[in-house]
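# Residue-level structure breakdown
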Amino acid sequence: MTDPQLRCPRSSFPLTRLRIGGIDTDVCEDCGGLWLDRIERSRLENPSSVFGDALVAHLGQFPQTLLDHSTRLSCPRHPEVVMLRRRFSPSIPVEIDECPECGGIWLDADEFAQIRR
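Along every chain, residues carry numbers that run from 1 in the direction the sequence is written. Selection of residues for local features in this predicted model requires a pLDDT of at least 70, selection of side-chain atom pairs for listing and counting requires 80 or more, and totals for whole chains, interfaces and linings are taken over all residues. Hydrogens and water molecules were not included; the side-chain quantities draw on all heavy atoms of the structure.

### Let's talk about unusual backbone geometry
What counts here: Numbered from the N terminus, helices here are DSSP runs of H or I no shorter than four residues, and strands are runs of E no shorter than two. Buried residues are those whose accessible area, probed at 1.4 Å on protein chains only, stays under 20% of the maximum for their type, while exposed residues exceed 50% and partly exposed ones sit between those limits.
The phi dihedral of Ser12 falls on the positive side, at around 65°, and the residue is not glycine. Looking at the secondary structure, you find Ser12 in the segment before β1 (16–20). Ser12 gets classed as partly exposed once you look at its relative accessible area, which sits at 46%.

This is the structure:
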């Protein structure tokens, strides 16, 4: 069984599968947003990961746009589920969108770079 095409929760643009260091991620080539499933997330969060650095460099090529962060987003994997907006962690005040169904997170264009700083 194959996954249906995931779509950007901001623009509905189809997400592009990007493999970095054996880790599959899904990137919106329209807005530069990033979808990370629970497993992908755990492998890229480590600040010493060179694969995370490569992903930050790749995402840096997309122009940043003004976003309305008050808009609630639907999960790319479960479109019927509205994601929760929360801080990434107590020590990293970046606001992210997380699916309560699957634990995946949506990061807007600059949020992944902010998390890895």
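### Observations concerning the pairing of strand β5 (residues 95–98)
Applied cut-off: Whether two strands pair depends on DSSP finding at least two bridges between them.
Sheet topology places strand β4 (residues 84–87) next to β5; 4 bridges connect them, and they run antiparallel. Pairing of Arg87 across the sheet is with Glu95, part of β5. Here β5 pairs with strand β6 (residues 105–107) via 2 bridges, running antiparallel. From the neighbouring strand, Glu98 faces β6, where its bridge partner is Ile105.

### Section: the nonpolar core
Put simply, the rule is: We call a set of buried Ala, Val, Leu, Ile, Met, Phe, Trp, Tyr and Cys residues a nonpolar core when their side-chain atoms join them within 4.5 Å. The contact rule is simple, with two residues in contact once any of their heavy atoms fall within 4.5 Å.
If you look at the biggest cluster of nonpolar residues, it comprises 17 residues, and the most contacted ones within it are Leu34, Leu36, Leu55, Leu59, Ile96, Leu107 and Phe112. Those elements that provide at least two residues to this core are β1, β2 (23–27), β3 (34–36), α2 (50–59), β6 and α3 (111–116). Setting aside residues no more than four positions away along its own chain, Phe112 makes contact with Leu34, Leu36, Leu44, Gly52, Leu55, Val56, Leu59 and Leu107. Membership of the second largest hydrophobic core comes to 13 residues, among which are Leu6, Cys31, Trp35 and Met83.

### Points about the environment of Pro14
Relative to the helices and strands, Pro14 resides in the segment before β1. When its relative accessible area of 30% is taken as the criterion, Pro14 is described as partly exposed. Linking Pro14 and Val27, residues 13 residues apart in sequence, is a C-alpha distance of 8.7 Å. Filtering out sequence-adjacent residues up to four positions away, Pro14 remains in contact with Gln5, Leu6 and Arg7.

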